[in-house]
Amino acid sequence: MKTLYKTTKNIGVACLAIALMASISSCKKFLDTQRQGQYTDEDYPYPGGSGPYDQYIFAAYKSLRAYGVHSFGFILSTSVRSDDADIGSSPGDGGANVQTFETFPLSPANGIINGMWVEYYGMIDKCNIVLNQVENNKEIIATDANKLQSQAEARFLRAYAYFNMVRFFGRIPLITKPQSPGQAGVPQSTPAQVYALIESDLQFAAANLPPTWDPRFVGRATSGAANGLLAKVYLTQQKWGAAMAAANLVMTSGQYNLNTPYSEIFKEEGENSKESVFEVQATATAAIPTANGVQYTANQGVRATGDWNLGDGFNVPNTTLDLAYEPNDPRKARTFLYRSTATTTYRTVYGDATATTWQNPIYNHKVYTNPARRASIGNRFGWWMNIRILRYADVVLMYAEAANEVGGTANFTAATNALNSVRARARQGAPAGTLADIVFVDQAQLRQAIRQERRVELAMEHERFFDLVRWGISGTAMAAANRPNFAEFRDVLMPIPIVQIDLSKEPNKLTQNAGY
């Protein structure tokens, strides 16, 4: 069962306890009857626990489920903005604010983008509050181990938030202290300055987080998550040797493997498996169907009527992605959810001949929910589904990419072996000859093979756009996907929200990104 970081907007201890008790009926988990944020040496059962500061830490974790952090805007910015997905839903749904994530360019007045900016900085502020409490709240009795672990969790979450923000917007204000509501006037930092903080935060987190948590705390950040995210940060900056080393620490940790079948990873039953390096935790009960969850799945569920009314229908895999798969690749069936038609005998992957009234012919199969779970909760919209932020296969492919770029016979072999380990898992159950092992010929060919593997292995998982940008091929890829308005010099970043520019103050008034 999943563990949720259950807080309310008020992070006071009493409110935390109420949020916990309201959800305990779903399963015995997460301290059972102990109130969050109040532990003693006796009942906090493992060394180095961060109990004394958990009331603040849980508020930061809760921000991962915020609408502006991991729901609609995140989906549009990372997936619809790529060459692999279309908006979906119904024609014109959402107006220009939504449609321009596919058609380009985005407007600085786009309210979705401003909502993301506000909520990501809200998450960063909650992380800074944790750090401030550890540093300055002398009323909390804590060991040095408590303090280090609390700081490590906060710095991991802050690094994740800043990593997304710098990839979304480029030059952003770098805030490391708690902010007063409405406070403005912090200057923009360069991407290099932002990445320096991200690296420092993740290095600290990797050194001070545990490799695992007690099962009651599943989903909290680990040293593996910190090293895995650090590998991606290094990879984004083309620091190949550092990326290879960080990914290798995850691969040799003994905590993860590729044993979970690809078809199982994205089910409710596949959450927090050995494939999972970091996930956003969500849950639901019949009594609380949405408040302890995240709207991510509801935004993408099948748009139809009756029992097939599973969501808003946004973010659908497109023909460009369809053509990227090798023959018989089983991963395609777990990515594309097809509508039934009057002439097909396919009847969707669930054998339902009634699925003929969908708004779109294809939806994202990786967010399809279990009908039994829908029935037990009395809700069809999947607020209980975790979000896979970092999978082990992603780490293995990052290792392969970095090793190939470092070069040398031994590294080419290591890169090829890592790549083929992902393909071996993917071809399980497929006809003989499917997804044959890649045989090394030269560095350029292996580079293309690794890029291709990332595309299909991680399809619809929010990596594609960032991959295109860091590879320097976004313009070519978007042209091939018939996105003629995409301008690489401009659209690799989103505009700084005009609201934030207007709120900023001289001498540190925010300036707009190029081309907007």
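As shown above, the structure is provided for reference.
Note that the coordinates shown come from a computational prediction; the quantities given were computed from them, not determined experimentally.

(A) Fine view of the overall build of the protein. If you tally the helices and strands in the protein, you get 21 helices and eight strands. Per-residue burial for the protein yields a buried fraction of 57% across its 516 residues. Counted over contacts in the protein with a minimum sequence separation of 6, partners at least 24 positions apart contribute 71%. For the protein, the accessible surface area stands at approximately 19500 Å², while carbon and sulfur atoms represent 55% of it.

(B) Local environment of the side chain of arginine 388. Mapped onto the elements, arginine 388 comes out in strand β8 (residues 387-391). Within polar-contact distance, the side chain of arginine 388 engages the backbone oxygen of isoleucine 265 at 2.7 Å. When near neighbours in sequence (up to four residues on either side) are disregarded, arginine 388 contacts Ile265, Phe266, Lys267, Gly270, Glu271, Phe278 and Glu279.

(C) Main features of the packing of aromatic side chains. Within the structure shown, the criterion is met by 21 aromatic pairs. Measuring from centroid to centroid gives 4.8 Å for phenylalanine 72 and phenylalanine 314, while their planes differ by 55 degrees, and the two rings are tilted. Here the residue phenylalanine 72 occupies a position in helix α4 (residues 72-80), and phenylalanine 314 occupies one in strand β5 (residues 314-317), the gap between them amounting to 242 residues. Classification of phenylalanine 314 as buried rests on a relative accessible area of 6%. Considering the side-chain rings of tyrosine 121 and tyrosine 162, the 6.3 Å spacing of their centres and the 80 degrees angle between planes classify their relative orientation as edge-to-face. Of this pair, tyrosine 121 sits in helix α6 (residues 111-136) while tyrosine 162 sits in helix α7 (residues 144-169); the two residues are 41 residues apart in sequence, bridging distant segments of the chain. The same class applies to tyrosine 121 as to tyrosine 162, namely buried. Sitting above the plane of the phenylalanine 466 ring, arginine 167 keeps its charged end 3.8 Å from the centroid. One Lys or Arg, lysine 332, reaches over the ring of phenylalanine 336 and ends 5.9 Å from the middle of that ring.

(D) Main features of a nonpolar patch on the surface. Taken together, the side chains of Ile498, Val499 and Leu503 make up a nonpolar region of the molecular surface, amounting to roughly 230 Å² of accessible area. By secondary structure assignment, the location of isoleucine 498 is in helix α21 (residues 498-503).

(E) Highlighting the nonpolar core. With 111 residues, the main nonpolar core has Phe156, Leu157, Tyr162, Phe169, Ile172, Ile198 and Phe278 as its most contacted residues. Apart from residues no more than four positions distant in its own chain, phenylalanine 156 is found in contact with Leu202, Ala205, Leu209, Ala221, Ala225, Ala226, Leu229 and Phe278.

(F) Representation of helix α2 (residues 54-62). With eight of nine residues buried, α2 is to be regarded as a mostly interior element. Along α2, the residues classified as buried are Asp54, Gln55, Tyr56, Ile57, Phe58, Ala59, Ala60 and Tyr61.

(G) Fine view of the pairing of β8. Of all the five residues making up β8, five are buried; the element is thus mostly covered by neighbouring parts of the structure. As judged from the four bridges shared by strand β4 (residues 276-280) and β8, these two strands associate in the antiparallel manner. Bridged to valine 280 within β8 is isoleucine 387.

(H) Structural detail: empty space enclosed by the protein. Counted by the stated rule, this structure contains seven cavities of 30 Å³ or more. The computed volume of the largest cavity comes to approximately 150 Å³. When residues of the lining of the largest cavity are traced back to their parent elements, those giving at least two are α7, α9 (223-236) and β8. A per-class count over the lining of the largest cavity returns eight nonpolar, two polar and five charged.

(I) Structural view of helix α10 (residues 240-251). Taking 1.5 Å of rise per residue, twelve residues should cover 16 Å, and α10 covers 16 Å from first to last C-alpha, within 8% of that figure. Of all the positions in α10, only Trp240, Ala243, Met244, Ala246, Ala247 and Val250 are classed as buried. Turning to α10, the residues buried within the fold contact α9, α15 (392-406) and α16 (409-426).

(J) Examining the packing of α15 against helix α17 (residues 443-457) more closely. Contact pair α15 / α17: the axes reach a minimum separation of 10 Å and the direction vectors enclose 165 degrees. With respect to α17, the element α15 is oriented roughly antiparallel. The chirality of how α15 crosses α17 is left-handed. Every residue of α17 that contacts α15 at Ala393, Asp394, Leu397, Met398, Ala400, Glu401, Asn404 and Glu405 is listed here: Gln443, Leu446, Arg447, Ile450, Glu453, Arg454 and Glu457. Its residues placed into classes, the contact of α15 with α17 shows six nonpolar, two polar and seven charged.

(K) Examining the side chain of arginine 464 more closely. Relative to the helices and strands, arginine 464 is located in helix α18 (residues 464-471). Under the relative-accessibility criterion, arginine 464 is labelled buried at 14%. Residues within four places of arginine 464 in sequence aside, it is in contact with Ser82, Asp83, Asp84, Arg455 and Trp471.

(L) Structural detail: the environment of glycine 382. Along the polypeptide, glycine 382 turns up in the loop between α14 (371-377) and β8. Considering only alpha carbons, one finds glycine 382 and glutamate 268, 114 residues apart in sequence, at a separation of 9.8 Å. For glycine 382, the contacting residues outside a window of four places in its chain are Val294, Thr297 and Thr369.

(M) Representation of the pattern of salt bridges within the structure. Enumeration according to the criterion identifies 37 salt bridges in this entry. Across the salt bridge formed by glutamate 264 and lysine 267, the nearest N and O atoms sit 3.1 Å from each other. Taking the relative accessible area as the measure of exposure, glutamate 264 reaches 28% and is therefore partly exposed. A salt bridge links arginine 427 to aspartate 437; the nearest nitrogen and oxygen atoms lie 3.2 Å apart. Taken together, the residues arginine 427 in the loop between α16 and α17 and aspartate 437 in the loop between α16 and α17 connect sequence positions ten residues apart. Residue class for arginine 427 comes out partly exposed when judged on its relative accessible area of 26%. Here the residues in one salt-bridge network are Glu275, Glu326, Asp329, Arg331, Lys366, Arg391, Arg423, Arg425, Glu453, Glu457 and Glu461, joined through shared partners.

Parameters at a glance
All residue numbers refer to position in the chain's written sequence, counted from 1. Note on the predicted model: pLDDT of at least 70 is required for a residue's local features to be given, and 80 or more for side-chain atom pairs to be given and counted; whole-chain, interface and lining totals, by contrast, use all residues. Excluded from the side-chain calculations are hydrogens and water; all other atoms, namely the structure's heavy atoms, are used. For helices the rule is a DSSP run of H or I covering at least 4 residues; for strands it is a run of E covering at least 2, with both sets numbered from the N terminus onward. Only protein chains enter the area calculation, which uses a 1.4 Å probe; residues under 20% of their type maximum are buried, those over 50% are exposed, and those in between are partly exposed. Contacts: residue pairs with any heavy atoms within 4.5 Å of one another. Shrake-Rupley sampling with a 1.4 Å probe provides the accessible areas, and residues are treated as covered by the protein chains on show and by no other component. A 3.5 Å cut-off defines polar contacts: any pair of N or O atoms within that distance qualifies, except that in protein one atom must be a possible hydrogen donor and the other a possible acceptor, and neighbouring residues in sequence count only when both atoms are side-chain atoms. Think of it this way: a Phe, Tyr or Trp ring, Trp meaning its six-membered ring, pairs with another when their centres are within 6.5 Å, and the plane angle makes it stacked under 30 degrees, edge-to-face over 60, tilted otherwise. Any Lys NZ or Arg CZ found within 6 Å of a ring centre and within 35 degrees of that ring's normal is scored as a charge over the ring. Patches here are clusters of residues that have more than 30% relative accessible area and form no salt bridge, with a 9 Å joining cutoff for like charges and a 5 Å cutoff for nonpolar side chains (Val, Leu, Ile, Met, Phe, Trp, Tyr). One side-chain nitrogen of Lys or Arg within 4 Å of one carboxyl oxygen of Asp or Glu is enough to make a salt bridge. Joining through side-chain atoms within 4.5 Å is the link that ties buried Ala, Val, Leu, Ile, Met, Phe, Trp, Tyr and Cys residues into a set, and such a set is a nonpolar core. Criterion used throughout: strands pair if DSSP finds at least two bridges between them. Note on definitions: the grid is 1 Å and covers protein atoms alone; a cavity is a set of points where a 1.4 Å probe fits but cannot get out; a pocket is an open set with protein on both sides within 12 Å along at least five of seven lines; lining residues have an atom within 4 Å of a point. Grid points are joined across faces, edges and corners, and a volume is the space filled by probe spheres set on the points. Residue type decides the class: Asp, Glu, Lys and Arg count as charged, Ala, Val, Leu, Ile, Met, Phe, Trp, Tyr, Cys and Pro as nonpolar, and the leftover types, Gly among them, as polar. For a helix, the expected span equals 1.5 Å multiplied by the residue count minus one. Note on definitions: angles span 0 to 180 degrees between N-to-C directions of axes, and those axes are lines fitted to C-alpha atoms, for helices only across the stretch in contact. For classification purposes, angles smaller than 35 degrees are called roughly parallel, those larger than 145 roughly antiparallel, those between 65 and 115 roughly perpendicular, and all remaining angles oblique. Helix crossings fall into two classes, left-handed where the near helix is turned counterclockwise from the far one by less than a right angle and right-handed where it is turned clockwise.

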